[in-house]
Amino acid sequence: MVQTILTRLATSLLVIFGASVLVYCIMYLLPGDPVLLMLDPSSATPEMIQNLRVQLGLDQPFYIQFAHYFGDMLRGDFGKSMINSDPVLPKILEHFPATLALTALSSIIAITIGITLGVLSAIHRNGVIDFIARLVGLFGISMPTFWTGILLILLFSVQLGWFPAMGSDGFSSLVLPAATLGIVGAGFIVRMVRNSMLEVVNEPFIVALRAKGLTERTIMYVHALRNALIPAVTVIGMLIGDLLAGTVVVETVFSRQGIGRIIADALMAKDLPVVQGVVFFTAIIYVVLNLLVDISYAYIDPRVRRAVRT
Amino acid sequence: MNRSISWMKYMALAAGLVLVLSGCGAAGNSSSAVQASGGEQTGQAEGGNLTYALATSPDTLDPHRSGLAVTVRAIRTIYDNLVVQLPDGSIKPWLAKEWSVSADGKSYTFKLREDVKFHDGTPFNAEAVKFNLDRVIDPATKAANSLALIRPYTSSDVIDEYTIKVNLEQPSQAFLGNLSQALLGIVSPAAAKKYGDQLGKNPVGTGPYTFVKWDENADIVVAKNKDYNWAPETVENKGAPHIDTITFKIVPEEATRIGSVQSKQVLAAETVPPQNIAALKSDPNQQLLQANTVGLPYTLFFNLRKAPWDDVKVRQAVQSAVDVESIVKTLYLGNYERAWSALSPGILGYDASLEGSIHPDINKANQLLDEQGWVKGADGIREKDGQKLTLRYVDGSPNREKRNDIAAIIQQQLKQVGIAVEVEITKDIATVIYQNWDYDLYGNSQVNSDPNALFAFYHTSAEGERPTLSGLSDPKIDKLLEQGAVETDPDKRVDIYNHIQQYLIEQAVILPIYVFPYTVAASKSVEGIKFDSLGYPLFNDVRIQP
């Protein structure tokens, strides 16, 4: 088990390195000169442009720039924003809790609604609940996030006045954005859980359990659900990653602070150090999440655990 | 059973985590404790917090380094200027009590107020003014738009503690008006030295409000400057503001911005989309404030350096083929005014006779293009010498004020006369427009107080200087622009600028599209939001009725 985790850790580091190389190359190759973006093109003189380029190290060859950048990253120095000279890492760490809170609450909403509806719809197949669950699934998957967000604002803040339409002040302002993302996530989970429950229900061990005389409730909620959850956990793990990424849209719609907003603004302004910093940071989080998902398999499914041991 | 309990345990744990984290976020913001519905907190019309939703985030609160109009909404509250410009174009005292101009028009001597202090206690005097003006032209400041405004400033001499002589390279009729612009606001020299390039995060001025905090992407808070006693003529209240604080919330999504006014989460929100204007006007709890901005309207500039757009007939064909009236009516539902000239109404020298001067005329457009030898090919696109008649239309904003839609409509309209329009939308204007000159038509607008703004767009650019957007180079116009910059007789100035505007339309150098109104949706409880001569909001007189 320890060895497996170590191997996974090593590959994870490779993934993080790969991600940083990729982002660096993309940003390097994109047309446009960051120096010209920083200075006003109407008033900057050629000397000013050249001085700034030297100051930022942009006059050096690609591999030296990359080596500097990666070395600094490893030391925890993510550089400074080109736009307002803010150090990048503190900026990410300051905004990350807001994004994490949003992701956490939307995951809870997605998982609760998703698993509940998924299980119920599989048990009551073709019934009213199944119909509703499939509708929720379809809605969640097909609605664009910003549209769902605006609908929720119109209903719950403009019409009913229950929740603030925007901001990041406390729990009440978290509800609508989290619900927006939660609905999307729930859509995926409902479909996944429903399908795998339907598969599991037809497996021989369920028949065996019935023959043993266990109550239908125990069979469904303890034995079938546990088996059906394995693929669902994979989806949920990926989903949390997606939710983290989805915060770009939701944070903009609801004017929340967070790393989604940071990267959206930085991309617009072509603020390279900030974009690279945020991507590097999110890559680490993705990798950690994946690791956790793999480990949780072992916990949920004894077969995986046994396979890991040998 | 064990399992379901552990499930619940994890859920509870996660829920707890959410609460803690969202609590953290709230704690960070609690200094803005005054909540959105500020009006309810006070019994009378003194005090309260005005929440004001901005459409985009300011880049920096250092006026000399900012390049964005949105910044002016916030920095107007923190900084004052030497002079103020009234809507009729006249210049009145502000931090300068009076001034005189030398006979050659190349130096201005300002007598300054003696009772002014910066928010950090630094005294305001001639040294401070000199520091500011020199700071703008210092390359180390990396000044942006303010640098263009301060030209042709060269140096200043401190005569005595409250008298300063400002020297120009050549006379400029625009100079005083430019000194009234917020981007030439006076910053505290002590703060500028202390914070360096971080002054934008720690702004210190002499304005009616003092800076409290700026949470990136969330809000900017300013508080009443109790000592304030030197407001300009544009506002009634010369002393400290009536309200305690203003919280500028940054809300980029327009539906959310309007939704937050309607749900009373904010008291006012700027830039109301045209489709929401009718609904807001009929809402008994809301008011709609509107001020046309002054300067250059949203204008499409032909790149005259590139064939075939160097040919006036081809440009005139486009001018006749584009139906500006229907574009503006369709997109803005009668809430934006159509622009007719290179200048917007309300600025000195605006030529109203151009209104109604151009009518869409497809036949004329076709005829002009036929005359120039552009023949329609099999695909309906005109050709000449094996070259297709294509127009590269570049737009630099993600549909700000529906500008991308203007491009799309023009594309359709020009197709009728056989011109293929390639639309490119890019944020990277610095490269596409200013570095590669890779456009045939590009739209821009500028807020400005003086018709001399035309100089930067139409005067032949000097060797090594940044070329103009239009690429126009006509000795006659150059001469007029040079005269306009220095002419002291207002009537003669008006004549000069009338000439220039007429020329630009007759020669089809530009297609003026719309005059941008700055719109604010506000709760009825908010009184006294005013606008300066450029259309920027002023908050000195604001009261919030309980």
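The rules behind each value
- Residues numbered from 1 in each chain as written.
- Chains lettered and ligands numbered in written order.
- Predicted model: local features only at pLDDT ≥ 70, side-chain atom pairs only at ≥ 80, totals over all residues.
- Heavy atoms only, no water.
- Phe/Tyr/Trp six-rings, centres within 6.5 Å; stacked < 30°, edge-to-face > 60°.
- Helix = DSSP H or I, 4+ residues; strand = E, 2+ residues; numbered from the N terminus.
- Lys NZ or Arg CZ within 6 Å of the ring centre and 35° of its normal.
- Pairing = 2+ DSSP bridges.
- Axes fitted to C-alpha atoms, helices over the stretch in contact; angles between N-to-C directions.
- Contact = heavy atoms within 4.5 Å.
- Expected span 1.5 Å × (residues − 1).
- Bend = angle between axes of the 7 residues up to and from the residue.
- Core = buried A, V, L, I, M, F, W, Y, C linked by side-chain atoms within 4.5 Å.
- Buried < 20%, exposed > 50% of the residue type's maximum accessible area, 1.4 Å probe, protein only.
- Parallel < 35°, antiparallel > 145°, perpendicular 65-115°, else oblique.
- Left-handed = near helix turned anticlockwise from the far one by under 90°.

Novice: Explain the packing of aromatic side chains residue by residue, including any values.
Specialist: Residue and element names in this part refer to chain B. What the rule picks out here adds up to 24 aromatic pairs over all chains. When the ring of Tyr298 is compared with that of Tyr514, the centres are 5.1 Å apart and the planes differ by 25°; the resulting orientation is stacked. One end of the pair, Tyr298, is in strand 13 (residues 295-302); the other, Tyr514, is in strand 21 (residues 510-515), with 216 residues separating them in the sequence. A connected cluster of aromatic rings, assembled from ring pairs, spans Tyr298, Tyr332, Tyr336, Tyr514 and Phe516. One cation-aromatic arrangement involves Arg305 over Trp437; the distance from NZ or CZ to the ring centre is 4.9 Å. The aromatic ring of Trp340 is capped on one face by Arg338, whose charged end is 3.6 Å from the ring centroid.

Novice: Help me get a handle on the sheet that holds strand 8 (residues 209-215) of chain B, residues and values and all.
Specialist: All names here are of chain B. With mixed pairing, seven strands are arranged side by side in an open sheet as 8-9-10-1-11-22-12. Two strands close off the open sheet at either side, each with one partner strand: strand 8 and strand 12 (286-292). Each adjacent strand pair in this sheet contributes to an overall mean axis angle of 20°, direction not counted. For strand 11 (residues 268-270) and strand 22 (residues 517-523), the ladder comprises three bridges, and the chain directions are antiparallel. If you follow Ala268 over to strand 22, its bridge partner there is Ala522. Strand contacts of helix 7 (residues 254-262): strand 1 (49-54), strand 11, strand 12 and strand 22, with the helix running at about 160° to strand 11, the strand carrying the most contacts. Across the sheet, helix 8 (residues 274-281) lies against strand 12 and strand 22, angled at about 135° from strand 12, the strand it touches most.

Novice: Can you break down helix 10 (residues 216-253) of chain A residue by residue, with the values?
Specialist: Residue and element names in this part refer to chain A. Here helix 10 contains 38 residues, and its C-alpha end-to-end distance of 45 Å is more than 12% below the 56 Å for a straight helix at 1.5 Å per residue. Of all the bends found along helix 10, the most pronounced is centred on Leu225 and spans about 45°. Downstream of helix 10 by a residue or two, Ser255 has a phi angle that is positive, lying close to 50°.

Novice: Explain the nonpolar core to me, using residue names and the numbers behind them.
Specialist: Of all hydrophobic cores here, the largest spans 144 residues; its most connected members are Tyr52 and Tyr458 of chain B. With six residues, helix 16 (residues 490-506) of chain B is the single largest residue contributor to this core. Residues contacting Tyr458 of chain B, with those up to four places away along its chain left out, are Phe301, Ala342, Thr468, Ser470, Leu472, Ile477, Asp478, Leu481, Leu504, Val509 and Ile510 of chain B. Ranked by size, the runner-up nonpolar core spans 38 residues in total, among them Ala110, Ile115, Leu181 and Met197 of chain A.

Novice: Mind laying out the packing of helix 9 (residues 204-212) of chain A against helix 10 of chain A, listing which residues take part and the relevant values?
Specialist: Helix-helix packing is described using two parameters, namely the angle between the two axes and the distance between the axes. Residue and element names in this part refer to chain A. Between helix 9 and helix 10, the shortest axis-to-axis distance is 11 Å and the interhelical angle comes to 155°. Taken together, helix 9 and helix 10 sit at an angle that is classed as roughly antiparallel. In this structure, helix 9 crosses over helix 10, and the sense of that crossing is right-handed. Facing helix 9, whose interface residues are Phe205, Ile206, Leu209 and Arg210, helix 10 presents Glu216, Ile219, Met220, His223, Ala224 and Asn227.

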